[in-house]
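# Report on the structure
Given next are the chains, with one letter for each unit.
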Amino acid sequence: MLSRRQFVTSPFAAGVALASPKATAQSARRTIVDAQVHLWKAESEDWKWVPGMKPQMPEPFTIEKLVPLMNQAGVDRVVVVPPSWPGDRNDYALDAARRYTNRFAVMGRIPLKSPQAAALLPKWREQPGMLGVRLTFLGPAQAWLTDGTPDWFWPEAEKADLPVMFLTDGQNAQLARVAERYPRLQMIADHMGIGGNTPREGRIADAVNQTASLARYPNVSVKLSAAPNYSSEAYPFRDFTPHIKRLFDAYGPKRCYWGSDITNGFDKSTYKQRITHFTEELPFLSEEDKDWVMGKSILERLWWG
């Protein structure tokens, strides 16, 4: 039998990844998978937020809000990325995956400052709906890129065969040493490498170039997500077309993933516009490219069958 790692690279992996009843019923159209959505409920006594942190929207973005939006926009599946303000907890995201088994899966948070968390990784994917880990290096946590805080994590994640999404404040070049040292660790750069103060400081092009430089490592791929949030223009966000093309050319369709990050800049565009931005407004993408970028690639990369 093929191992999971061998299977991911096999020519029939994508076909199996789409072989759910829902995907079969919708074979006449493209399967769309959103590689990034935050979900959260209201703060309560048993679901406290990190002091001083604020959510991206004034109202909670719940499972009940997201499912109708998915149905209206034609989104088949969503990768839920737990937000930072409730802390390192994944319970609500996993609840979404439990309630909608074929539509939600999770890239969970882990307490990086606790090396004891290494004991969680060998059985991480045994949590129903859990696919991997998402790390955030923003604000004070940006120092972790150079102070050794996550050094325990990389080899353990590679050993456990866990894909890892990561977000930095335009500092993705710092991860080159990790990608080179752990070649079997699947690393996914979030939001084209743009985060935190990057836009305000005029560093978008540099951040994208740093992310493109990681394409030389076969184990690195990229989410072409969040363009509406960082664009200085209205739909279809033409100022971001060169950045998206730069990364697409570097990584190719099987290592690029569309993601809405819809709660960040929620009012800048509709869910449907975030889709048509890629399916109708990027002329360098062929129809086959769109099939991969809009769903097939992330299903394959995360082993979400």
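Rules behind the numbers
Numbering of residues starts from 1 in every chain and runs along the sequence as written. pLDDT decides what is reported in this predicted model: residues at 70 or higher carry local features, side-chain atom pairs at 80 or more are listed and counted, and totals for whole chains, interfaces and linings draw on all residues regardless. Remark: hydrogens and water are excluded; side-chain values derive from all non-hydrogen atoms of the structure. For two strands to pair, DSSP has to find at least two bridges joining them. In this description a helix means any DSSP run of H or I spanning at least four residues, a strand means any run of E spanning at least two, and both kinds are numbered starting from the N terminus. Geometry is summarised by axes, namely lines fitted to C-alpha atoms with helices restricted to the contacting stretch, and by angles between N-to-C directions that run from 0 to 180 degrees. Contacts were defined at the residue level, with two residues in contact if any of their heavy atoms lie within 4.5 Å. As a per-residue measure, pLDDT tells how confident the predictor is, with possible values from 0 to 100.

It is worth spelling out the sheet that holds strand 1 (residues 33-37) at this point. Within a sheet, adjacent strands bond to each other through the backbone by hydrogen bonds, running parallel or antiparallel. Reading across the sheet, the eight strands line up as 1-2-3-4-5-6-7-8 and stay open at both edges, with parallel pairing between neighbours. The open sheet has two edge strands with one neighbour each: strand 1 and strand 8 (256-259). Across this sheet, the average inter-strand angle for adjacent strands is 30°, counted without regard to direction. Two strands pair when backbone bridges link them, and strand 2 (residues 77-80) and strand 3 (residues 104-108) are joined in this way by three bridges, in the parallel orientation. Bridging across to strand 3, Val78 finds its partner in Phe104. Strand contacts of helix 5 (residues 91-99): strand 2, strand 3 and strand 4 (130-137), with the helix running at about 155° to strand 3, the strand carrying the most contacts. Relative to strand 8, helix 12 (residues 271-280) is tilted by about 155°, and along the sheet it contacts strand 1, strand 2, strand 7 (220-225) and strand 8.

Our next topic: the confidence of the model for the protein chain. For the protein chain, the average pLDDT comes to 91, and 91% of its residues sit at 70 or higher. When the criterion is pLDDT under 50, residues 5-27 qualifies, and its contacts beyond four places in sequence or with other chains add up to 34 contacts.

Structurally, Ile262 is set in the loop between strand 8 and helix 12. Taking the C-alpha atoms as reference, Ile262 lies 25 Å from Glu288; in sequence the two are 26 residues apart.

For the peptide bond that leads from Tyr235 to Pro236, omega is 10°, which places it in the cis range. With respect to the helices and strands, the residue Pro236 is situated in the loop between helix 10 (227-230) and helix 11 (241-251). Of note, Ala226 is a non-glycine position whose phi angle comes to about 75°, a positive value. Considering the arrangement of structural elements, one finds Ala226 in the loop between strand 7 and helix 10.

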